[in-house]
Each structure stands twice: as C-alpha cells, then as structure tokens.
Amino acid sequence: MKRPADRAPRGIALLAGTAIVLLLLPLAGLALRAPWGRLPDLLDRPEALAAIRLSVTTSLAALGLATVLGVPLAWILARRRFPGRELVRALAVLPMVLPPVVGGVALLLAFGRRGLLGGPIADASGTSLPFTTTGVILAQAFVAMPFLVVTVEAGLRSMDTRLEDVAATLGAGRWAVLARVTLPVVAPSVAAGMALTWARALGEFGATITFAGNLPGRTQTMPLAVYVLLETDPEAAYLLSLLLLIVSVAVLIALRGRLLGSR
Amino acid sequence: MMRLSAGILVLAVTALAACGSEGAPDGERTGGELLVFAAASLARPFAQMADLFEERHEDVDVVLHVAGSQRLAAQILEGAPAGVFASADEPQMQRVAEAGSTTGAAVTFARNQLAVVVAPGNPHRLTGPSDLARADITVVLADPSVPVGAYTRQMLQRADVEVSPASFELDTRAVLSRVALGEADAGVVYTSDLHDRDDVTAVAVPDAVDVTAEYQIAVVGSAGPSAASFVELVRSPEGAAILERAGFRAP
C-alpha cells in the first residue's frame, strides 16, 4: 500500500536522478576504462606493490593513533563541561573541512624542520618528520581523526547515561564504568568511526604529498602512486584507483545500516 | 516505478550531454577565450605574455593553465580544450603531436639550464652536483616523469653521481618550495626558477655536465586564429625579451 505522501514531486525525482548520474558516472567511467585483465600484472610492478603495502600499513597505524587519541577526546567533549568546549570541538573537526593541502602546510609549520615543535626537535636530535613514513601516518591521522571523534561523540551523547550511574552506585570505579559499560554500549559508534577514519586515511593525498613528499616505498601511498602513474602508465593508475574504489565500497557495505540509515 | 527512474536517468544524461556540448570550447570560442597550457617553469613570463596579448586583442580572454608539462600533455591527450601548449621538453610535445592533437609543427622558443638550489648563504657549502650525493644533506629532486626531473637525471648521469632523494616532487616549483621552506637542503631546478629569488641561492652546474632544456610551443586542436597569434607573440622579439628577463635563453 502506498501512502500519498510517498509520491515524490516530479522536479525532485529529476534532480535526484541527475545527482545519481553525477555521482555514478565517474565511477562507471573508471570501472569501464580500467583494464581488468591487467590486474594481476599490477601486482608484479614493484612500485605499485610498494604503494599498496605502504598504504595498508600507514592507514592502519593512523587508525590506531586516531583511535587511541580520538576516543578520549570524544569522551571529554561528550561528558565534561569546561570553558571553551565548543571552541575545542570546532577546532577538533576543522581538518574535516580544511583543504588537505592547507592541512599539509599547517603540519609543516608545526612538525617541519623549522616548525614550532619540529624545529627544536630537529635541532636537538637531527631528525624530522617530513619525508618519512611516520610523517605519512601523522598526516593521515591529522586528516582522518575528526571522523572518529565526531562519530564516537555522537554515540556517547545518545547513550543512556543511567547505565553508567547504576554501575557506579554498584561500586564500579571510573575505569571499570568506562571499560565495562560505556565502551561496550558505544562500541557500534566506535566501529563506525574507525571504518570511516580508516577509509579517509587510506584515501589521503593532499596533506601527505605536502607534508611527507613522494618517495616510492617510503612516502608514496596509493593515491600518490595513482597521481604519478597517471602520466607514465594511465592503465596502472586506473587499476590502482579501482582497488581503492573497491575498498571504499567494501567499507560502505560494512557500514550499511549504521551510516546509510537503512533498516 | 522502475521504468520511470530509467526514464529520468536518460533525461538527466541527455541534459548533461547537452551542457557538455555548449560548455566545452576548443581552446577559444565562448566569448573569445584562449586556453594556454604552459609548463610550470613558464608561469611568470607567460602571465606577462597573457597580459600583453589581452592588451592587444581586447576581445580575447587568455586563461593560463600552469602545471608540469607531463600533466598538461596527459590532460590534452584526455581531451582538455587547450588552444596552445608550451612544453618544457620535446618528449611531452612529441606525445601530444603523435596523437594528432597539435596543428602545425612545434617550434623551440626558449632554452633553460639547470641549477642546484640551496638555502641563502649555502650553509652546507655545496660546490656542485657531485655534492648532492652527500649523506649529511636532505635532497629533493623532481620526478623523472616531469621534464625537469628527466633533465636532472641526465645531468646526474653525466656527472656520474648517485643521489638518493628524500622525495620526488611533481613539478619544479615544488622542489623550489621544499628548499625555500627549509625542509630540504638542496634540490635541482631550472636557472630561470631562481631569477629574482632571494630566499634561495644557486650553486652553479659546470657546463660539462649541464643539460639544456628545450621549450617547445604549438597550437593545439581546432583552436582559432588567436592561438596562432599567441604563439607568434611568444616567438616575437617582445616575447623573447620577456623570456630573457625571466631568466630564459633564446633558442
């Protein structure tokens, strides 16, 4: 039985159709142009393989860093009242809306060889983060962590805090409440936030190339390899793009029902 | 319901296609717009060329698109509506010409040399390209897929130097900014890049190992007469003077 309200006004359907074309046509172009038969050859190319390996390791490390730091930040933002909380929240999600290249420049000014923190460290130890794999991880975590913070904070805000109160009155300490009650309840939010954060870290380009540079095997992740290969071997670039696309689709499918709101 | 959405999809596609056929001019057309694709190292002189050209042809609006020549070539081969292509090397122009995208022959209009770029005052006391192999400095080079990177590779081969750079940048300006920002101690760029810069210094490359960059220009696609006149301006004595003031040499 269809309710009358379910029928969309005509104009809306047309605009929605255009939106679908706009979103799907580029992906269709990629899928059609990619030489699927060469997919196995791609794995024989050392630079492509190195980029895949580097992307997997750095994005997982960035995810770890973002989770270890981001969950506590989300908890503070959701549960503690302190002056300037709104400002801190806004700043914490700033990298989500900041152009990634600007993020890369900002990272250079903070952690670069002449940066606020990077300068003294370089002077004292002779090492610096730009052009290193650690720099890649930092750039990815910087750009991706806000996704975790936002998702987990929303989960914490919507949970029934009486559960925590009950646990506390029954004698549970603060850490026990957090570990046995709060985290299990918001686990789905944490998982969703982690999936988004990982996908964002995996696709990171602008901040990485600006802050960490482009060296095969050390800082050249898959998105950077796609960008370089586009000029020398477009087919390999399409294939690498396709791999990234497949991973993104897999993440979205895993998140189905959580983000997409289907029941 | 299924049939309706399919109909909408077809409608939307045709609407988009219609926009496309109006909105994508070949180099010029809509309101006399001339799209000039120029190598990254040509950014400054070509901005002056564009101003001069617009002064003389008030009906033409020159739009300058500056990037690594290899990227520009790839974009043209994918159908970018360039009217003029100015490449920093012959191979990239060749790629475009072989695909039948150029109109008429490409001509060499300028030359450039390489320079080792370091911080002002040369704090690490580099004396030439062979010092780029030193383990105590951070070196950044252009990727060999970029013209300046290919020239750099030739130069280092001639000098018989093995360099392990910290990064392969994607155009000459990126190499320059790494050194200017102090993230790298040395890099290799064009001598013209260092013209008028006081935040970096050049270490001379000996003539015996230096490589001469050859800049070529051509009209692309079905661009109209303004593309040809732009190429004429670049090759005129006035154009040569602009290039010379920007640190380039005559062909």
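The following paragraphs examine the structure supplied in this document. (Residues numbered from 1 in each chain as written. Chains lettered and ligands numbered in written order. Predicted model: local features only at pLDDT ≥ 70, side-chain atom pairs only at ≥ 80, totals over all residues. Heavy atoms only, no water.)

## Description of the overall build of chain A
Threshold: Under the DSSP-based scheme used, a helix requires at least four consecutive residues in state H or I and a strand at least two consecutive residues in state E, with every element numbered from the N terminus. Note on classification: 1.4 Å probe, protein chains only; a residue is buried when its accessible area is under 20% of the maximum for its type, exposed when over 50%, partly exposed between these limits. We call two residues in contact when some of their heavy atoms are within 4.5 Å. Note on areas: Shrake-Rupley, 1.4 Å probe, and residue coverage restricted to the protein chains presented here. None of His or the chain ends enter the tally, which takes Lys and Arg as positive and Asp and Glu as negative. To locate a charge, take NZ of a lysine, CZ of an arginine, CG of an aspartate or CD of a glutamate.
Broken down by element type, chain A carries twelve helices and zero strands. In sequence order, the secondary structure elements of chain A are arranged as α-α-α-α-α-α-α-α-α-α-α-α. Projecting the C-alpha coordinates of chain A onto the three principal axes gives extents of approximately 70 × 65 × 30 Å. For chain A, with 263 residues in total, the buried portion stands at 40%. Counting only contacts in chain A whose residues sit at least 6 apart along the sequence, the fraction spanning at least 24 positions is 72%. As displayed, chain A has an accessible area near 14400 Å², and 70% of this comes from carbon and sulfur atoms. Distance from the positive charge centre (24 side chains) to the negative charge centre (14 side chains) of chain A: 9 Å.

## Some points on the environment of A:Leu109
Residues and elements named next belong to chain A. Note on placement: Leu109 falls in helix α5 (residues 100-111). When its relative accessible area of 54% is taken as the criterion, Leu109 is described as exposed. Each C-alpha atom of the pair Leu109 and Gly119 lies 9.1 Å from the other, and the pair is ten residues apart in sequence. When neighbours within four sequence positions are excluded, Leu109 is seen to be in contact with Gly115 and Leu116.

## Some remarks on the nonpolar core
Going by this rule: For this analysis, a nonpolar core means a set of buried residues of the types Ala, Val, Leu, Ile, Met, Phe, Trp, Tyr and Cys, connected via side-chain atoms within 4.5 Å.
Counting residues in hydrophobic clusters, the biggest one holds 68 residues, and the most contacted among them are B:Leu42, B:Phe46, B:Phe109, B:Leu132, B:Tyr215 and B:Phe230. Other than its neighbours up to four places away in sequence, B:Leu132 contacts B:Val116, B:Leu126, B:Ile137, B:Val139, B:Leu156, B:Val163, B:Ala186 and B:Val188. Within the second largest apolar cluster, 18 residues are counted, among which are A:Ala34, A:Met222, A:Tyr238 and A:Leu244.

## Topic: the interface of chain B and chain A
The cut-off we apply is this: Take the accessible area each of two parts loses on contact, using a 1.4 Å probe, and add the two losses: that sum is the buried area. A pairing counts as a salt bridge when a side-chain nitrogen of Lys or Arg comes within 4 Å of a carboxyl oxygen of Asp or Glu.
Opposite the 28 residues of chain B that make contact, chain A presents 26 residues. Buried surface at the junction of chain B and chain A, both sides included, amounts to about 2400 Å², of which 58% is carbon and sulfur. The three residues of chain B that bury the most area against chain A are B:Arg71, B:Leu170 and B:Glu183, which together make up 26% of that side's buried surface. A salt bridge links A:Arg113 to B:Asp185, with the shortest nitrogen-to-oxygen separation between them at 2.7 Å.

## What about a nonpolar patch on the surface?
Residues and elements named next belong to chain A. The line we're drawing: Each patch is built from residues lacking any salt bridge and having more than 30% relative accessible area; the joining distance is 9 Å for like charges and 5 Å for nonpolar side chains (Val, Leu, Ile, Met, Phe, Trp, Tyr).
A surface patch of nonpolar side chains, amounting to about 550 Å² of accessible area, comprises Leu87, Leu91, Leu94, Met96, Val97 and Val150. The element that contributes the greatest number of residues to the nonpolar patch is helix α4 (residues 85-97), accounting for five residues. With respect to the element layout, Leu94 can be found in helix α4. Assessed through its relative accessible area of 38%, Leu94 is described here as partly exposed.

## Observations concerning helix α4 (residues 90-98) of chain B
All names here are of chain B. Inclusion rule: By definition, the arc is the one covered by directions from the helix axis to the C-beta atoms. Any pair of nitrogen or oxygen atoms within 3.5 Å is treated as a polar contact; in protein, a donor-acceptor pairing is required on top of that, and neighbouring residues in sequence qualify only through side-chain atoms on both sides.
Turning to α4, its buried residues are Gln92, Met93 and Val96. Buried residues of α4, seen end-on, are gathered within an arc of 100 degrees and therefore sit on one face of the element. Buried residues along α4 sit against α3 (69-77), β3 (84-87), β4 (102-112), α5 (147-158) and β10 (213-220). A distance of 3.2 Å separates the backbone nitrogen of Gln92 from a side-chain oxygen at the start of α4, and that oxygen is part of Asp89.

## Things to note about the packing of helix α2 (residues 43-56) of chain B against helix α7 (residues 225-235) of chain B
All names here are of chain B. Under the convention used in this document: For every element, the axis is a line fit to its C-alpha atoms; helices are fit only across the contacting stretch, and the angle between N-to-C directions ranges from 0 to 180 degrees. Should an angle fall under 35 degrees it is taken as roughly parallel, and over 145 as roughly antiparallel, whereas 65 to 115 is taken as roughly perpendicular and any remaining angle as oblique. Whether a crossing is left-handed or right-handed is set by the direction in which the near helix is turned from the far one by less than a right angle, anticlockwise for left-handed and clockwise for right-handed. Residue type decides the class: Asp, Glu, Lys and Arg count as charged, Ala, Val, Leu, Ile, Met, Phe, Trp, Tyr, Cys and Pro as nonpolar, and the leftover types, Gly among them, as polar.
Two elements in contact, α2 and α7, have axes whose closest approach is 10 Å; the angle formed by their N-to-C orientations is 125 degrees. One way to sum up the angle between α2 and α7 is to call them oblique. Pair α2 / α7 crosses with right-handed handedness. Taken together, the residues of α7 that come into contact with α2 (itself represented by Phe46, Met49, Ala50, Leu52, Phe53 and Arg56) are Ser226, Ser229, Phe230, Leu233 and Val234. Its residues assigned to classes, the contact of α2 with α7 comprises eight nonpolar, two polar and one charged.

## Concerning the pairing of strand β2 (residues 61-67) of chain B
Residues and elements named next belong to chain B. For the record, the criterion: Two strands pair if DSSP finds at least two bridges between them. Here is how to tell: hold the view so the strands point away, follow the path from the first strand over the helix to the second, and if it runs clockwise the crossover is right-handed.
Where strand β1 (residues 33-39) lies against β2, seven bridges are found, and the strand directions are parallel. Counted as the bridge partner of Ala39 is Ala67 from β2. Handedness of the crossover joining β1 and β2 through α2 is recorded here as right-handed.

## Focus: the packing of aromatic side chains
Convention followed: The pairing test for Phe, Tyr and Trp rings, Trp by its six-membered ring, is centres within 6.5 Å, and the orientation test on the planes gives stacked under 30 degrees, edge-to-face over 60, and tilted for anything in between.
Under the counting rule described, the total for this entry stands at eight aromatic pairs over all chains. Through a chain of ring-to-ring contacts, three or more aromatic side chains come together here, namely B:Phe46, B:Phe53, B:Phe109, B:Tyr151, B:Tyr190, B:Tyr215, B:Phe230 and B:Phe248.

## Some points on empty space enclosed by the protein
Residue and element names in this part refer to chain B. The cut-off we apply is this: Lining residues are defined by having an atom within 4 Å of a point belonging to a cavity or pocket. Those points lie on a 1 Å grid over the protein atoms alone, cavities being sets where a 1.4 Å probe fits but cannot get out and pockets being open sets with protein on both sides within 12 Å along at least five of seven lines. Grid points are joined across faces, edges and corners, and a volume is the space filled by probe spheres set on the points.
Taken as a whole and judged by the stated rule, the model has one cavity of 30 Å³ or more. The calculated volume of the largest cavity comes to roughly 60 Å³. Around the largest cavity sit 13 residues that line it, and Ala40, Gly68, Val146, Thr172 and Tyr190 are the ones nearest its centre. Considered class by class, the residues forming the lining of the largest cavity number eight nonpolar, four polar and one charged.

## Observations regarding the sheet that holds strand β9 (residues 201-203) of chain B
All names here are of chain B. A sheet is described by the order of its strands in space; here five strands give the open sequence β7-β6-β8-β5-β9, paired in mixed fashion. Looking along the sheet, the strands with just one partner apiece sit at the ends: β7 (167-169) and β9. Averaged over all neighbouring strand pairs, the angle between strand axes comes to 40 degrees, with direction disregarded. Both strand β5 (residues 114-118) and strand β8 (residues 186-190) contribute to a ladder of five bridges, which runs antiparallel. Within β8, the residue paired with Leu114 across the bridge is Tyr190. Of the strands in this sheet, β5, β6 (139-142) and β8 are in contact with α5, which crosses β8 at around 115 degrees. Strand contacts of helix α6 (residues 172-180): β5, β6, β7 and β8, with the helix running at about 145 degrees to β8, the strand carrying the most contacts.

## Topic: the sheet that holds β10(B)
The strands making up a sheet are joined through hydrogen bonds of the backbone, oriented either antiparallel or parallel. Residues and elements named next belong to chain B. Overall, mixed pairing links the five strands, which are arranged β2-β1-β3-β10-β4 in an open sheet. Both edges of this open sheet fall to β2 and β4, since each of them pairs with a single strand only. Each adjacent strand pair in this sheet contributes to an overall mean axis angle of 20 degrees, direction not counted.

## Some thoughts on the pattern of salt bridges
Taken as a whole and judged by the stated rule, the model has 19 salt bridges over all chains. Residue B:Glu78 pairs with A:Arg33 through a salt bridge whose shortest N-O separation is 3.2 Å. With B:Glu78 in the loop between α3 and β3 and A:Arg33 in helix α1 (residues 10-33), this pair bridges two chains. Residue A:Glu204 pairs with A:Arg200 through a salt bridge whose shortest N-O separation is 3.7 Å. Judged by relative accessible area, A:Glu204 falls into the buried class, the value being 1%.

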